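Here is what each chain is made of, one letter per residue.
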Number of protein chains: 2
Amino acid sequence: MSAVETAMQGLRAKIASGELAPGQKCPPEGELAAQLGVSRSSLREAIRALSALGVMEARHGSGTYVSSLEPAEILKGFALLVDIFPFDSVLELFEIRRALESHAAAAAAARSTPELLAELDELVAKMEATENSADISDLDARFHEAICEAGGNATLTGLMTLFRSRGRHFNIFDSAEGAKVREVSNKGHRDILEAIHRRDPASAATATAAHVAQSEFWLKKFRPAPQLEG
Amino acid sequence: MSAVETAMQGLRAKIASGELAPGQKCPPEGELAAQLGVSRSSLREAIRALSALGVMEARHGSGTYVSSLEPAEILKGFALLVDIFPFDSVLELFEIRRALESHAAAAAAARSTPELLAELDELVAKMEATENSADISDLDARFHEAICEAGGNATLTGLMTLFRSRGRHFNIFDSAEGAKVREVSNKGHRDILEAIHRRDPASAATATAAHVAQSEFWLKKFRPAPQLEG
DNA sequence: ACACAATATTCATCAGATGACTTGTGAAAA
DNA sequence: TTTTCACAAGTCATCTGATGAATATTGTGT
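Note that this is a predicted model, so its numbers are computed, not measured. (Residues numbered from 1 in each chain as written. Chains lettered and ligands numbered in written order. Predicted model: local features only at pLDDT ≥ 70, side-chain atom pairs only at ≥ 80, totals over all residues. Heavy atoms only, no water.)

Details of the overall build of chain A
Each helix and strand in chain A was counted, giving eleven helices and two strands. Along chain A, helices (α) and strands (β) appear in the sequence α-α-α-β-β-α-α-α-α-α-α-α-α when read from the amino end. Each principal axis of the C-alpha atoms in chain A carries an extent, and together these give about 60 × 40 × 30 Å. Per-residue burial over chain A gives 53% buried out of 230 residues. In chain A, the share of contacts with a sequence separation of at least 24, taken over all contacts with a separation of at least 6, comes to 70%. Here chain A contributes 25 positive and 32 negative side-chain charges, whose respective centroids are spaced 2 Å apart. (Helix = DSSP H or I, 4+ residues; strand = E, 2+ residues; numbered from the N terminus. Buried < 20%, exposed > 50% of the residue type's maximum accessible area, 1.4 Å probe, protein only. Contact = heavy atoms within 4.5 Å. Lys, Arg positive; Asp, Glu negative; His and termini not counted. Charge placed at Lys NZ, Arg CZ, Asp CG, Glu CD.)

Structure representation (structure tokens):
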């Protein structure tokens, strides 16, 4: 086994065994490298790899820490990854969104609270009141996220937020038929919202599936070039 | 921006722009480091991070290559991650499995082929014929994977295989009520199989949801310690 | 008790040297 | 001609040591 693999396995073992608990500070690089029997360079590469996976976090001047290990938290680090997926794969993500967001919407409808309904009402009203595509995109993202959160599964919520992040770069609200897109999108949100108001999980699920499918349709139709910032 | 971040962004940009295409070989470390304006050490850490994310692959003595960038392929690298998730998070993964595998099973039922049916028949027959828990675990995994594959979404298939990988470590077939577990599990597989034979997507979905829920129930009940190898 | 400066700890980066592995080349043998 | 083998070049892997930068701690003076 290579030195870096040795270090990664060693760290993984320390974490899995509880010797290094989530949030805990690790020994300094030099000491840790000695413990694991590798050089500081190799240990640093191992830590860098685990950092990329969201398992550890190195803070300059302070130390290296084990992260929370919550899937929802870890998923946030993968946005960079989704950005470079090929277009066809993005379409596969939409199918997954369709299934999972429907599921979450049904759960949200079953357990909705006045607070959730109030927030969703406000978001939909704001979306219908503006034509600024950036604002709409933000409101739309929050609308879907709030429903996922209400579903009660933080991992699912994180996964959906991650998958949506790529779609947002395509800015379908800015396309040639932007007005039409907004109109149908608003209608979709209304349908979902009403189903949740009625505490109707089945309708919430089908409305959400239809809405996501609609987004997918537009994305396929326009297939605008993604905006790569940075 | 730190040196390693600079290198990662640079590599990401080269990949996103197509300068480095999937499968392509990168320039040697020294040259790449010079291009990006960082030291070899920093570049190596960046490459190590991208390797952990499944975006690149360094082959000793040969060179560094850009990976296929297929989500299904990239997901395979995350098994290490799922291994260290806290137990409660694993339960959240089961809810996701329930939704997604149901979806895939419905799709598989709608588009099943004689080849798929033949394989599933054989897998179920073998599972019913043995009591070896390791074999059963393998066959069970293949059964679910084959159905996901038939669903036609490679990303979804990869995601499910990843999520299942953690559950397998718990070896519920070896628990105190192993015989009972096997019996109910086999019944669940029969139900799913028959629904697919009948080309009945709705039944396939509900049978799959019930089967996954059953697995989740047992896992909660026994909560056996995971076997950490390595 | 508080503010602030000095000190210590720790990660970040760089440079250079050496080892290990892969690959292609060319010569020798079949 | 084809196959086999040794060798050399190219490349990644690892280690060491030194220096810089950010943070945490300590001590001091008010």
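A word on the protein's contact with DNA strand D
With respect to spatial proximity, 23 residues lie near DNA strand D, and among them A:A3, A:S39, A:S42, B:R44 and B:G61 are the closest. Looking at DNA strand D alone, sugar and phosphate atoms form 68% of those within 4 Å of the protein. Side-chain polar atom of B:R44 to a phosphate oxygen of DNA strand D: 2.7 Å apart, as the coordinates give it. B:G61 has a polar backbone atom sitting 2.8 Å from a base nitrogen of DNA strand D. Contributions of two or more residues to the surface near DNA strand D are made by α1 (3-17) and α3 (40-52) of chain A together with α3 (40-52), β1 (56-59) and β2 (63-66) of chain B. When grouped by side-chain class, the residues that make up the surface near DNA strand D number five nonpolar, twelve polar and six charged. (Near = heavy atom within 4 Å. Polar contact = N/O pair within 3.5 Å; in protein donor to acceptor, adjacent residues only side chain to side chain. Nonpolar A, V, L, I, M, F, W, Y, C, P; charged D, E, K, R; others polar.)

Topic: the nonpolar core
Core analysis: the biggest nonpolar cluster contains 105 residues, and A:L11 and B:L11 have the highest contact counts within it. Every residue in contact with A:L11, bar those within four places of it in the chain, is listed here: A:L20, A:L32, A:L36, A:L43, A:A46, A:I47, A:L50 and A:M56. (Core = buried A, V, L, I, M, F, W, Y, C linked by side-chain atoms within 4.5 Å.)

Side note on the confidence of the model for chain A
Residue and element names in this part refer to chain A. The predicted model of chain A averages 92 in pLDDT, with 97% of residues at 70 or higher. Averaged pLDDT values for the elements of chain A fall to 81 in helix α5 (residues 79-83) and rise to 98 in strand β2 (residues 63-66). The model gives residues 226-230 a pLDDT under 50, and that stretch makes ten contacts with residues more than four places away or in other chains. (pLDDT = per-residue confidence, 0-100.)

Overview of the relation of the copies chain A and chain B
What relates the two chain copies is a rotation about an axis together with a slide along it. Superposing chain A onto chain B requires a rotation of 180° together with a translation of 0.0 Å along the rotation axis, leaving an RMSD of 0.1 Å. Taken together, the rotation angle and the small translation identify this as a two-fold axis. Taking C-alpha positions as reference, the residue of chain A nearest the rotation axis is A:A49, located at 2.2 Å. (Least-squares fit on C-alpha atoms with pLDDT ≥ 70 in both.)

Structural notes on the domain arrangement of chain A
Each assigned domain of chain A is listed with its residue range as follows: domain 1 (3-66) and domain 2 (73-222). When each unit is reduced to the centre of its C-alpha atoms, the spacing between domain 1 of chain A and domain 2 of chain A is 37 Å. (Domains from an automatic or database assignment.)

Remarks on the interface of chain A and chain B
In this complex, chain A contributes 42 residues to the contact, which on the side of chain B involves 41 residues. Of the roughly 4,100 Å² buried at the junction of chain A and chain B (both faces included), carbon and sulfur atoms supply 66%. Of all residues in chain A, A:R12, A:E45 and A:I84 give up the largest surface area on contact with chain B, accounting jointly for 16% of the area buried on that side. Here chain A and chain B share five salt bridges between them. Notably, a salt bridge pairs B:E45 with A:R48, separated by 2.9 Å at the nearest N-O pair. Of all the secondary-structure elements, those providing two or more residues to the side of chain A that touches chain B are α1, α3, α4 (71-75), α5, α6 (87-110) and α9 (154-168) of chain A. Take the side of chain A that touches chain B: its biggest share by element is nine residues, from α6(A). Along the lines of polarity and charge, the residues of the side of chain A that touches chain B split into 25 nonpolar, seven polar and ten charged. (Buried area = accessible area lost by both parts, 1.4 Å probe. Salt bridge = Lys/Arg side-chain N within 4 Å of Asp/Glu carboxyl O.)

Examining the pairing of β2(A)
Residue and element names in this part refer to chain A. Burial along β2 is two-sided: the residues G63 and Y65 and T64 and V66 are all buried. The sheet contact formed by strand β1 (residues 56-59) and β2 spans four bridges and is antiparallel. Within the sheet, the bridge partner assigned to A58 lies in β2 and is T64. Hairpin connection, β1 to β2: the antiparallel pair is bridged by three residues, and G61 has positive phi, about 80°. (Pairing = 2+ DSSP bridges.)

Thoughts on the side chain of A:R182
Following the sequence through the fold, A:R182 ends up in helix α10 (residues 178-197). Look past the residues within four positions of A:R182 in its chain and what remains in contact with it is A:T130, A:E131, A:I136 and A:F173.

Concerning the packing of aromatic side chains
Given two aromatic rings, their pairing is described by the distance between the two centres and the angle made by the two planes. Per the counting criterion, the structure on display carries one aromatic pair over all chains. Judged by centre distance (4.9 Å) and plane angle (10°), the ring pair of A:F78 and B:F78 falls under stacked. One end of the pair, A:F78, is in the loop between α4 and α5; the other, B:F78, is in the loop between α4 (71-75) and α5 (79-83), on a second chain. Residue class for A:F78 comes out buried when judged on its relative accessible area of 6%. Stacked on the ring of A:Y65, the Lys or Arg A:R59 has its end atom at 4.0 Å from the ring centre. (Phe/Tyr/Trp six-rings, centres within 6.5 Å; stacked < 30°, edge-to-face > 60°. Lys NZ or Arg CZ within 6 Å of the ring centre and 35° of its normal.)

Here's the deal with the layout of surface pockets
Its volume calculated, the largest pocket comes out at about 1,100 Å³. Lining the largest pocket are 39 residues; nearest its centre among them are B:R48, B:S51, B:M56, B:E57 and B:A58. Mapped by element, the contributors of at least two residues to the lining of the largest pocket are α1 and α3 of chain A together with α3, β1, β2 and α4 of chain B. If you go around the second largest pocket, you meet 28 residues; those closest to its centre are A:R48, A:S51, A:A58, B:S2 and B:E5. Every element with two or more residues in the lining of the second largest pocket is listed here: α3, β1 and β2 of chain A together with α1 (3-16) and α3 of chain B. When its residues are assigned to classes, the lining of the second largest pocket shows ten nonpolar, eleven polar and seven charged. (1 Å grid on protein atoms, 1.4 Å probe; cavity = no way out; pocket = protein on both sides within 12 Å on 5 of 7 lines; lining within 4 Å. Points joined across faces, edges and corners; volume = space filled by probe spheres on them.)

A word on the protein's contact with DNA strand C
A:R44, B:A3, B:S39, B:S42 and B:H60 are the nearest of the 24 residues found near DNA strand C. If you look at DNA strand C and keep only atoms within 4 Å of the protein, 72% of those are sugar or phosphate atoms. Within the side chain of A:T64, a nitrogen or oxygen atom sits 3.4 Å from a phosphate oxygen of DNA strand C. Between DNA strand C and B:H60 there is a distance of 3.2 Å, counted from a base nitrogen to a side-chain nitrogen or oxygen. Of all elements in the fold, only α3, β1 and β2 of chain A together with α1 and α3 of chain B reach the threshold of two or more residues within the surface near DNA strand C. When the residues that make up the surface near DNA strand C are grouped by side-chain class, the tally is six nonpolar, twelve polar and six charged.

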